[in-house]
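Here's the letter readout for the chains.
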Amino acid sequence: MAQETVKITINGKEVVAPKGTLIIEAAAQAGVEIPHYCYHPHLSRPAVCRMCLVDVEGQRKLQPSCSTPVQSGQVIRTDSPKVQEAVREVLEFTLINHPLDCPVCDQAGECGLQNNYQDYGLYNTKFTLPKVHKAKVQKIGPTLTLDAERCILCSRCVRFTDEITKTHEMGIMQRGDHAEIRAVKEVNNPYSTNLADICPVGALTQNDFRFKVRVWYLKHEQSICPGCARGCNIVVDHYRGEAQRMRPRNNNAVNQSWMCDDGRLLYKAIRSEDRLNAPMLRKDGKRLAVTPSVAFSEALQLLEKHAKHTATQGSAFVSNEDAFALAMLLKMMQAPVAASLRESPAGWDDDALLRKADRTPNRTGASAFSGTEDFAVRLKNATLALVIQEDALPDRSLYPQLAGVIYVGTHDCPTAKAADVVLPMAMWAEYEGSFTNFQGRVQRFRPVVAAPEGVVPLWQLASRWSQAFGGKLFASAAEVFRAMATEHPLFAKMTFDGLGELGLCAPSTEQSKEAQA
Amino acid sequence: MEKKLLTKYWHDPNHKMLDGYLKNGGYTAIKKALGMEPDAVIEEAKQSKLRGRGGAGFPAGMKWSFIPKKTDKPKYVVCNADESEPGTFKDREIIHKDPHSLIEGIAICAWAVQSHTAFIYIRGEFTEEAKMLERAIQEAYDHGYLGKGICGTAFDLELILHRGAGAYICGEETGMLESLEGKKGQPRNKPPFPATEGLFQCPTVINNVETLAVMPWIVLNGGAEYAKLGTPDSTGTKLVGISGPVKRPGVYEIEMGMPLMTFINELAGGMIEGKTLGAVIPGGSSTPPLTPAQCEQAKISYESLDKLGSALGTAGIIVLPDDFSVIEAMTVIARFYADESCGQCTPCREGTGWLYKTMKRIYAGKGAAQDLQMLSHISAGMKGRTICALADAAAWPMEGFLRTFPEAFQKAVTPKQAR
Ligand SMILES: Cc1cc2nc3c(=O)[nH]c(=O)nc-3n(C[C@H](O)[C@H](O)[C@H](O)COP(=O)(O)O)c2cc1C
Ligand code: SF4
Ligand code: SF4
Ligand code: SF4
Ligand code: FES
């Protein structure tokens, strides 16, 4: 069913918008930014900050564009002197009791207040009276710090905890200019850090990021959180080659504007102590660091020698391209397909918001290239074990017939310690690829930081080994994807670039059927 | 001089009891209404051209006609008895002297819009009045004027008294609805209007105590009869309260259109000995003041006071003597609104506080000339940009005082030695 649309005029330009769209949204779609604080697309619209007032022809008063739906024939101005004056004056009101402590405020550089007062040239305050003082630097939970003086009472945090997490920790106490934001109980819900994102000013800041880097030094890359089968769309902010924080990125079909607190800290694993940075060989019970080419050849010799007798454990933590390239390698080796994927590490149950009990990012994609037989069964008849990422063979003495174990992964573990050849591989933040989330949505992640020297993604290793067996050498993730799309219906008709910023669902998946209905 | 429709029996101490009320012809209007089509009752209300007495002056019959006829939702009637605008005390008098008129008026309204649940939201500080109403409501229940099948008909009506917690903003109709729902009293954005999405998202009529209490008379005598009184734009009678240094302060019912000075001099007995009229705030603290010269031209009607740059508001007249302190009076008013702003909207939350702090500084003798421009600037910035009219209600008197008493403000910000 085609959506009903209405025609309106914004600043003299004709705009067509779906019926029921809010003026602020229709304007944004037409490239007209309307300043706002309290409006948030995924929260209710109290229209309290009064920053978004616009002139609607025929209305005596300016209307809040965040809570006024478009109506056919509406003539709207956001650039008239009347509107500009209103915005400047509302902003002035917003600022009078604000401490303006930008030099010591961690929000500086990404502050809605700072950006606007610079745009409207309100550097010199006309306010010469004592400001209202409120509680500063309150640790309101394990993840957040609250400075009530900087709060502009937009109520976003209250609405988030009322409407999204339904945990009701935030509230505005008192009235008039003594109204003050408070945490009425400890804020320790699993999504608490989103409050720091939605707070338009420096009132709510994230403990993990406070005073780490001035935001104007940060560079940004779009990615996907690898923390669970949801695959929240995120931005990774990085500085001097290191990831500094993760933030949610809007994708209405997946995570709206949110992500969970645990997911947000996963960037720390990139530089964690147990990260495998260099290839190793095990000789006489000792591990020796070797060059990547030595490790590569050692592994290749084992693969060639045991080809058909190789038992492989794939992983739901690697990308679609990794899993596909691995499958191609096994095919060329005439080895059995990879064993069934291991269960997700335990941790949490599915919740009503985002988190999935399956804490792997790519079970849907990786299982397309794995078999159904258990790795333990496979190992009984194998002489070589190839283990990807999983701690699947911590005790190789159970399989005395095994002549070799190759481990390819990102972090050290008992399986890696017992392996004959250890090849580190790149992590999600270090290469480009795609994950398929629990909905069947294929989403792209992009390289944020460089992998440790000589460390490459699994698909590259697999493809290079595969070349030795007469297989195809892939030059890029896009090329792997192209081959994969012709091989498997999960990726039918998709291209790597076509995944865009929000990903795609294969025609066969539920979500895509719903979208078409 | 007085024109007593509503107040006709107020001299009778028994009128506030059911017995007395019945003896004086009480509860005949609801019986008459119940014999009419609900729409015919709305039509009478429309014909009366009665404008809501809560301050905004919206035609009551029209408001009732906005209530959807075909709806699956319950409909509600809410009587606004939050009377908190400084200078206003007319609703309190009705509750004291004539609670059954109010109950009967509520029943008429409920029948007209076919609602079976009504509320009276009463100001928190009205503890005595709440008891009075409670007793009157109980009497009405006991004698079949409320409850199941009122007046022997099949029409059910529950009436619930709800006490506020002492917030002026809960007099704003949507702040009141939030409060009734058990939430913080913060006005809602409109639209949607209460007529379609009011209490618990259901169609709701909200009327002031006086608006409802006069309904029995309108039903008994006909809307057209009511409309013959007063002026074309301000029909009927009005309860006018007067306070300040006059000989007989109090509440009087008059026909709309009476000259303001006639009211002050004849009904209220004029200024007390030794006091001269300095200014009049005609309709509660949010209405701009009138000079003695303006008072001479003023009539007690919506249109006359509008024309003079003020408003009828709640018709709570505050008389100020000529030796009153302009700065002190304005500081008190500014303080009230700063205190009562619910704090949601930026211009109101910050503006009311800014006005008050500036006034306080001027009052303390520490004001500067640029403070006066600032007061105008702040007031202008507050008007027409907020969810409810409290911001306007705070800005209007500020602008009115600056306009009416420029010399007093100038003097207040001039350093003493320069005067
Ligand atoms: C700040 C504010 C306070 C108000 N306080 C009262 C009040 O105490 N009593 C009242 O009847 N109306 C009050 N009103 C007006 C109500 O919002 C509403 O218009 C009125 O109750 C409707 O009844 P009416 O049409 O019978 O006048 C107030 C309005 C505002 C903006
Ligand atoms: S703390 Fe931030 S999000 Fe919460 S009300 Fe204040 S400004 Fe808004
Ligand atoms: S819900 Fe899952 S994908 Fe989303 S942020 Fe949390 S761990 Fe990451
Ligand atoms: S105008 Fe003032 S009182 Fe009314 S809703 Fe806004 S902040 Fe509250
Ligand atoms: S964004 Fe519209 S009022 Fe706040």
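All values reported here derive from a predicted model rather than from experimental measurement. (Residues numbered from 1 in each chain as written. Chains lettered and ligands numbered in written order. Predicted model: local features only at pLDDT ≥ 70, side-chain atom pairs only at ≥ 80, totals over all residues. Heavy atoms only, no water.)

Draft legend 1. The arrangement of the overall build of chain B in detail. Across its full length, chain B holds 19 helices and 8 strands. C-alpha atoms of chain B, sized along the principal axes, occupy 80 × 45 × 35 Å. Taken over 419 residues, chain B has a buried fraction of 62%. Each charge class in chain B can be summarised by its mean position, and for the 47 positive and 48 negative side chains these summaries are 3 Å apart. (Helix = DSSP H or I, 4+ residues; strand = E, 2+ residues; numbered from the N terminus. Buried < 20%, exposed > 50% of the residue type's maximum accessible area, 1.4 Å probe, protein only. Lys, Arg positive; Asp, Glu negative; His and termini not counted. Charge placed at Lys NZ, Arg CZ, Asp CG, Glu CD.)

Draft legend 2. Region of the structure containing the overall build of chain A. A count of helical and extended segments in chain A gives 14 helices and 22 strands. The proportion of buried residues among the 517 residues of chain A is 58%. Within chain A, counting contacts between residues at least 6 apart in sequence, those at least 24 apart form 61% of the total. Counting every atom, chain A has about 21,900 Å² of accessible surface; 51% of that belongs to carbon and sulfur. The centroid of the 59 positive side-chain charges in chain A is displaced by 1 Å from the centroid of its 57 negative side-chain charges. (Contact = heavy atoms within 4.5 Å. Areas by Shrake-Rupley, 256 points an atom, 1.4 Å probe, with all protein chains shown as cover.)

Draft legend 3. Quick look at the site of ligand 1. Residues and elements named next belong to chain B. Taken together, 18 residues surround ligand 1, and among them Gly 54, Asn 80, Asn 207, Asn 208 and Thr 211 come closest. In this structure, an oxygen atom belonging to ligand 1 sits 3.2 Å away from a main-chain N or O atom of Arg 53. Take Thr 211: an N or O atom from its side chain is 2.7 Å from an oxygen atom of ligand 1. Contact with the protein chains hides 90% of the accessible area of ligand 1, taken as 610 Å² for the molecule alone. (Near = heavy atom within 4 Å. Polar contact = N/O pair within 3.5 Å; in protein donor to acceptor, adjacent residues only side chain to side chain.)

Draft legend 4. Quick look at the site of ligand 2. For ligand 2, the full set of nearby residues is Cys151(A), Ile152(A), Leu153(A), Cys154(A), Ser155(A), Arg156(A), Cys157(A), Cys199(A), Pro200(A), Val201(A), Ala203(A) and Leu204(A). Considered class by class, the residues forming the shell around ligand 2 number 10 nonpolar, 1 polar and 1 charged. (Nonpolar A, V, L, I, M, F, W, Y, C, P; charged D, E, K, R; others polar.)

Draft legend 5. The arrangement of the domain arrangement of chain B in detail. All names here are of chain B. According to the domain assignment, chain B contains domain 1 (13–227), domain 2 (238–321) and domain 3 (326–418). A straight line from the C-alpha centre of domain 1 to that of domain 3 covers 35 Å. Listed per partner, the contact involves 13 residues of domain 1 and 8 residues of domain 3. Of the roughly 880 Å² buried between domain 1 and domain 3 on both sides combined, carbon and sulfur atoms contribute 64%. (Domains from an automatic or database assignment. Buried area = accessible area lost by both parts, 1.4 Å probe.)

Draft legend 6. Region of interest: helix H4 (residues 156–164) of chain A. All names here are of chain A. Counting buried residues along H4, 7 of its 9 residues qualify, which places the element largely inside the surrounding structure. For H4, the set of buried residues is Arg 156, Cys 157, Val 158, Arg 159, Phe 160, Thr 161 and Ile 164. The elements touched by buried residues of H4 are strand S8 (170–173), strand S9 (180–183), helix H5 (194–198) and strand S10 (204–206). Just past H4, the residue Lys 166 takes up positive phi, approximately 55°.

Draft legend 7. Representation of the interface of chain B and chain A within the structure. Between chain B and chain A, the contact holds 32 residues from the first and 33 residues from the second. Buried area between chain B and chain A, both sides added, is near 2,600 Å², and the carbon and sulfur share of it is 52%. Looking at the side of chain B facing chain A, the largest losses of area belong to Trp354(B), Lys357(B) and Arg385(B), adding up to 27% of the total buried there. Counting across the chain B and chain A interface gives 2 salt bridges. Salt-bridge contacts for Glu340(B) lead to Arg175(A); the nearest nitrogen and oxygen are separated by 3.2 Å. If you look at where chain B meets chain A, you find 16 residue pairs in polar contact (both at pLDDT 80 or more). Those elements giving two or more residues to the side of chain B that touches chain A turn out to be helix H15 (326–340), helix H16 (346–363) and helix H17 (369–382) of chain B. No other element matches H16(B), which puts 10 residues into the side of chain B that touches chain A. (Salt bridge = Lys/Arg side-chain N within 4 Å of Asp/Glu carboxyl O.)

Draft legend 8. Up close: the domain arrangement of chain A. By the assigned domains, chain A splits into domain 1 (5–94), domain 2 (98–113 + 122–212) and domain 3 (280–516). Centre-to-centre, using C-alpha coordinates, domain 1 of chain A lies 49 Å away from domain 3 of chain A.

Draft legend 9. Geometry of the pattern of salt bridges. All names here are of chain A. Following the criterion strictly, the structure yields 48 salt bridges over all chains and no others. Residue Asp 101 is joined to Arg 150 by a salt bridge in which the shortest nitrogen-to-oxygen separation is 3.1 Å. Here Asp 101 is found in the loop between helix H2 (81–96) and helix H3 (112–119), whereas its partner Arg 150 is found in the loop between strand S7 (144–146) and H4, with 49 residues between them in sequence. Arg 150 shares its class with Asp 101; the two are buried.

Draft legend 10. Seen up close, the environment of Lys8(B). Residue and element names in this part refer to chain B. Along the chain, Lys 8 falls in the segment before helix H1 (18–23). We classify Lys 8 as partly exposed; its relative accessible area is 45%. Sequence separation between Lys 8 and Ser 285 is 277 residues; the distance between their C-alpha atoms is 28 Å.

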